[in-house]
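Descriptive structure summary
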Amino acid sequence: MKVVKFGGTSLASAEQIRKVFDIVRSEPSRKVIVVSAPGKRYPEDIKVTDLLIACANQILQNEKAEKLVDAVIQRYSDIATELNLSDSIIERIYSDLVSVLNSDKSNPTKYLDAVKASGEDNTAKLLSEYFQQMGEEAHYVNPKEAGLFVSDEPGNAQVLPESYDRLFALRDRFGIVIIPGFFGYSMKGDIITFSRSGSDITGSILAAGVKADLYENFTDVDAVYSVNPSIIQHPKEIRELTYREMRELSYAGFSVFHEEALIPAFRAGIPVKIKNTNNPSAPGTKIVNERDNQNGPVIGIASDKGFCSIYVSKYLMNREIGFGRKLLHILEKFGLSYEHIPSGIDDLSIILRQKQIDREMEQTIIDIIKHELLADEVKFEHNLALIMVVGEGMRHNVGTTARAAKALAQNGINIEMINQGSSEVSMMFGVKEIDEIRAVQALYEEFFVRVLVR
Ligand code: ASP
């Protein structure tokens, strides 16, 4: 049995929904279907979820939101009309939307979640109506009825472990089960959404709950690419990668699959397959627990901007018990999370996401570290990019770091810092943001292009 999730672009229009239907019908094992809300039909289009967020915010500020409500309804009615669905489905969607918009606003974040979630909810209703019209035994199932319970954290729900046993019962349902992604219910019965793009998470939880053989995630690309296609044209497609490799790549910008969505599938040992709704016969990319890594040390190269580092040096730092703890405690007091800590004998750097800190906070942090830890030097460095070179094969290959460093050197790129995780699945290079693209190109050339001509 498979759990199949379709993303926003796969549900953006009637034409796309016909493709979804063909994909589901082509394999009887595709039993549990998870849907996003309609996404963009063309680059300047607005996702239904974004329209709904704007709508909720406007209403929360006591402003009228008629235009936005009309825009949302229009998206559904365009689809319904083209699919020849009866008016009753649009009436149902309209009345459900109006009732959620008129619901309790005393907790604005929960109100926002309920409005956001209606995008997925109405898409699931519309899709099941279409499947039925096409003669399929298909049913809309609400996440509460399915047993998907989550923590009471609006916009950042975490699945409650007891959900899994309840979800198992979905296996016994007759016909195709169509479930909205992106949200679950708190124990108190409130709608709570996952973080943005969270329908991937719903799919993964359901796959684990029903103990599926495979979790298929349909999107709008043929595969996970070895590098960002906007940096390298037509990069190599990845056929198979491990959960750990995927995690490392999504950390630094690979956004094909939500990073939180890996956990439920990984824990339940269910492979994930990324496929293209617009080209379903393409093999796609499979995410598995273990893979044969005979094909060289590196599977992908990712990069992300917007980092800064705090450099701290103090003579005899290595002998001072508790130095690291005290330093991290200072960051904790400011509510800052850190990413990496490359360290030397008498110095270390803490890499953080720059957007968490403003200049004033920076100066305060410098003063506190100097004063409380008696550091010799404390300074911030800005505008750093992190390049992740990822591959399980690195563990068995000698000289990967040397090859990477040489490729960067030959292109005149200064390495600001270097860090290799203990797991040896990835290597991180910190470079200046202006060097990011050239660094990725140089590394791609070294590990993917030159290999082919050798
Ligand atoms: N529609 C939601 C979003 O845009 C969730 C999803 O598409 O997965 O974030």
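See the structure printed just above.
Here's what I pulled together on the structure shown here. Keep in mind the model is a prediction, meaning the values are calculated, not measured. (Residues numbered from 1 in each chain as written. Predicted model: local features only at pLDDT ≥ 70, side-chain atom pairs only at ≥ 80, totals over all residues. Heavy atoms only, no water.)

Digging into the pairing of strand β12 (residues 285-288)
Going by this rule: Any two strands with at least two DSSP-identified bridges between them are counted as paired. Here a helix means four or more residues in a row that DSSP labels H or I, a strand means two or more in a row labelled E, and each is numbered from the N terminus.
Where strand β10 (residues 240-242) meets β12, 3 bridges bridge the pair, whose relative direction is parallel. Along β12, the bridge assignment pairs Glu 240 with Lys 286.

Observations concerning the site of the ligand
What counts, and what does not: Residues are counted as near a molecule or strand when any one of their heavy atoms sits within 4 Å of it. Whenever a nitrogen or oxygen atom comes within 3.5 Å of another N or O atom, the pair is scored as a polar contact, on the condition that within protein one atom can donate a hydrogen and the other can accept it, and that pairs from neighbouring residues in sequence are kept only if both atoms are in side chains. For the area figures, the Shrake-Rupley method with a 1.4 Å probe applies, and any residue is considered shielded solely by the protein chains shown. Only protein atoms enter the 1 Å grid used here. Points where a 1.4 Å probe fits but cannot escape make up a cavity, open sets with protein on both sides within 12 Å along at least five of seven lines make up a pocket, and a residue lines them when an atom lies within 4 Å of a point. Any molecule with more than half of its atoms within 2 Å of a cavity's or pocket's grid points is counted as sitting in it. Classes in brief: Ala, Val, Leu, Ile, Met, Phe, Trp, Tyr, Cys and Pro nonpolar; Asp, Glu, Lys and Arg charged; the others, Gly included, polar.
Within the structure, the ligand sits among Ser 36, Lys 47, Thr 49, Glu 120, Phe 182, Arg 196, Ser 197, Gly 198 and Ser 199. Ser 36 is positioned with one of its side-chain polar atoms (N or O) 3.1 Å from an oxygen atom of the ligand. Here the ligand has 260 Å² of accessible area as a free molecule, and 95% of this is covered by the chains. The cavity that encloses the ligand is the largest pocket. Its residues assigned to classes, the shell around the ligand shows 1 nonpolar, 5 polar and 3 charged.

Describing the packing of helix α2 (residues 48-60) against helix α3 (residues 66-82)
Axes are the key here: two packed helices are described by the angle between their axes and the distance separating the axes. Selection rule: Geometry is summarised by axes, namely lines fitted to C-alpha atoms with helices restricted to the contacting stretch, and by angles between N-to-C directions that run from 0 to 180 degrees. Angular relationships are summarised with four words: roughly parallel below 35 degrees, roughly antiparallel beyond 145, roughly perpendicular across 65 to 115, and oblique for the angles in between. Here is the rule for handedness: rotate from the far helix to the near one, and if that takes an anticlockwise turn smaller than a right angle the crossing is left-handed, while a clockwise turn gives right-handed. By the convention used here, residues are in contact when the closest approach between their heavy atoms is within 4.5 Å.
At a minimum axis distance of 9 Å, the contact between α2 and α3 shows a crossing angle of 155°. By the angle between their axes, α2 is roughly antiparallel relative to α3. Every pair of crossing elements has a handedness; the one defined by α2 and α3 is left-handed. Of the residues in α3, those touching α2 at Val 48, Leu 51, Leu 52, Ala 54, Cys 55 and Gln 58 are Leu 68, Val 69, Ala 71, Val 72, Arg 75 and Tyr 76.

Here we look at the sheet that holds strand β14 (residues 338-340)
Strand pairing within a sheet occurs via backbone hydrogen bonds; the two strands may be parallel or antiparallel. The sheet built from 6 strands is open, its strands ordered β14-β15-β13-β16-β18-β17 with antiparallel pairing. The open sheet has two edge strands with one neighbour each: β14 and β17 (417-420). When the angles between neighbouring strand axes are averaged without regard to direction, this sheet yields 40°. Contacts from helix α9 (residues 243-251) reach β13 (300-313), β14, β15 (347-353), β16 (377-390) and β18 (426-432) within the one sheet, and its direction differs from that of β16 by about 135°. Across the sheet, helix α11 (residues 323-333) is in contact with β13, β14 and β15; its angle to β15 comes to roughly 25°.

A word on the side chain of Thr 242
Relative to the helices and strands, Thr 242 resides in strand β10. With near-sequence residues (within four places) excluded, Thr 242 lies in contact with Ile 287, Val 288, Asn 289, Glu 290, Arg 291 and Glu 392.

Considerations on the side chain of Asn 276
When you line up the elements, Asn 276 lands in strand β11 (residues 272-276). In terms of polar contacts, Asn 276 uses its side chain to reach the side chain of Asp 222, at 2.9 Å. Separated by 2.9 Å, the side chain of Asn 276 and the backbone nitrogen of Asn 278 make a polar contact. Once you skip the residues sitting within four places of it in the chain, Asn 276 turns out to touch Phe 218, Thr 219, Asp 220, Val 221 and Asp 222.

Some thoughts on the layout of surface pockets
So the rule is basically this: Grid points are joined across faces, edges and corners, and a volume is the space filled by probe spheres set on the points.
Approximately 1100 Å³ is the volume found for the largest pocket. The wall of the largest pocket is formed by 46 residues, among which Ser 197, Thr 219, Ser 255, Val 256 and Phe 257 lie closest to the centre. At the level of elements, α8 (199-209), β7 (214-219), β13 and α14 (436-453) are the ones that each hand at least two residues to the lining of the largest pocket. Here the residues of the lining of the largest pocket are counted per class, giving 18 nonpolar, 18 polar and 10 charged.

A word on the nonpolar core
Basically, it comes down to this: For our purposes a nonpolar core is just a set of buried Ala, Val, Leu, Ile, Met, Phe, Trp, Tyr and Cys residues, chained together by side-chain atoms within 4.5 Å. Type-normalised accessible area, obtained with a 1.4 Å probe on protein chains alone, sets the label of each residue: buried when under 20%, exposed when over 50%, and partly exposed for intermediate values.
Among the nonpolar cores identified, the biggest contains 51 residues, and Val 3, Leu 170, Leu 206, Phe 257, Val 272 and Ile 287 are the most heavily contacted of them. Looking at this core, the element that brings in the most residues is α8, giving 5 residues. Excluding its chain neighbours within four sequence positions, the residues that come into contact with Val 272 are Leu 214, Tyr 215, Tyr 243, Phe 257, Ala 265, Thr 285, Lys 286 and Ile 287.

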